[in-house]
Amino acid sequence: MEPQASSPTREFVEYVARTLAREPDEVEVTESLDGNTLVYHLKLAPDDVGRVIGREGRIVRAIRSLLRATAMRQGVRIGLEIE
């Protein structure tokens, strides 16, 4: 896994979440390695979780699609968990 590849991706996840959140100061993104998958953990204020997930999960699916495209270009696996 390439460590420098994760930083811009983490910043992307944080930027999107802060843009969508009503309480952007509550947004926290951490990353961990689970086997061969880099997992981003997104912590939000309770009221913002639904805003980031979106109707029927459309927004979070779109974010995950962009992460998958990034991961394919970098040759890694990326996951996103919302807490």
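You'll find the structure just up there.
Residues numbered from 1 in each chain as written. Predicted model: local features only at pLDDT ≥ 70, side-chain atom pairs only at ≥ 80, totals over all residues. Heavy atoms only, no water.

**Details of the overall build of the protein**
Put simply, the rule is: The way it works is that DSSP assigns letters per residue, a run of H or I at least four long becomes a helix, a run of E at least two long becomes a strand, and they are numbered from the N terminus. We compute the radius of gyration over the C-alpha atoms and compare it with the globule rule, which gives 2.2 Å times the number of residues raised to the power 0.38. Under the scheme applied here, a residue whose accessible area is under 20% of the maximum for its type counts as buried, over 50% as exposed, and between as partly exposed, the area being computed with a 1.4 Å probe on protein chains only. Contacts are residue-level and defined by heavy atoms, with any inter-residue pair within 4.5 Å sufficient. Surface accessibility follows the Shrake-Rupley procedure with a 1.4 Å probe radius. Residue values consider only the protein chains on display as shielding. Asp and Glu are treated as the negative residues and Lys and Arg as the positive ones, with His and the ends of the chain left uncounted. Lys charges are placed at NZ, Arg charges at CZ, Asp charges at CG and Glu charges at CD.
Helices and strands together make up the secondary structure of the protein, namely 3 helices and 3 strands. Taken from the N to the C terminus, the helices and strands of the protein come in the order α-β-β-α-α-β. Relative to the compact-globule value of 12 Å for 83 residues, the protein shows a C-alpha radius of gyration of 12 Å, a close match. Projected onto its principal axes, the C-alpha coordinates of the protein cover approximately 35 × 25 × 20 Å. Burial statistics for the protein: of 83 residues in total, 35% are counted as buried. Once local pairs closer than 6 in sequence are excluded, the contacts in the protein between residues at least 24 apart make up 54%. Working note: accessible area of the protein is about 5,500 Å², and carbon and sulfur atoms make up 49% of it. One finds the centroid of the 12 positive side-chain charges in the protein at a distance of 9 Å from the centroid of its 14 negative side-chain charges.

**Digging into the nonpolar core**
Inclusion rule: Buried Ala, Val, Leu, Ile, Met, Phe, Trp, Tyr and Cys residues form a nonpolar core when they are joined through side-chain atoms within 4.5 Å.
Core analysis: the biggest nonpolar cluster contains 18 residues, and Val27, Leu42 and Leu80 have the highest contact counts within it. Non-local contacts of leucine 42, meaning those with residues more than four positions away in its chain, are made with Val13, Ala17, Val27, Glu28, Val29, Val52, Leu80, Glu81, Ile82 and Glu83.

**Points about the packing of helix α2 (residues 46-53) against helix α3 (residues 58-74)**
This is how the line gets drawn: The convention used is that axes are lines fitted to C-alpha atoms, helices contributing only their stretch in contact, and that angles between N-to-C directions extend from 0 to 180 degrees. Orientation categories follow fixed angle ranges, with anything under 35 degrees roughly parallel, anything over 145 roughly antiparallel, 65 to 115 roughly perpendicular, and all other angles oblique. Polar here means any residue outside two lists: the nonpolar Ala, Val, Leu, Ile, Met, Phe, Trp, Tyr, Cys and Pro, and the charged Asp, Glu, Lys and Arg; Gly therefore counts as polar.
With their axes 5 Å apart at the nearest point, α2 and α3 run at an angle of 65° to one another. The orientation of α2 relative to α3 falls into the category roughly perpendicular. Judged by residue contacts, Arg51, Val52 and Ile53 of α2 engage Arg58, Ile59, Val60 and Ile63 from α3. Residue composition of the contact of α2 with α3, grouped by class: 5 nonpolar, no polar and 2 charged.

**A few points about the sheet that holds strand β1 (residues 28-34)**
We count it as follows: Two strands qualify as a pair provided that DSSP identifies no fewer than 2 bridges between them.
A sheet is described by the order of its strands in space; here 3 strands give the open sequence β1-β2-β3, paired in mixed fashion. The open sheet terminates on both sides in strands that have one partner only, identified here as β1 and β3 (77-82). Each adjacent strand pair in this sheet contributes to an overall mean axis angle of 25°, direction not counted. Judged from the 6 bridges that link them, strand β2 (residues 37-43) and β3 form a sheet pairing that is parallel. Residue pairing across strands places tyrosine 40 opposite leucine 80, the latter belonging to β3.

**Some points on the environment of glutamate 56**
Here glutamate 56 lies in the loop between α2 and α3. Each C-alpha atom, one on glutamate 56 and one on threonine 70, is 23 Å from the other, the two residues being 14 residues apart in sequence.

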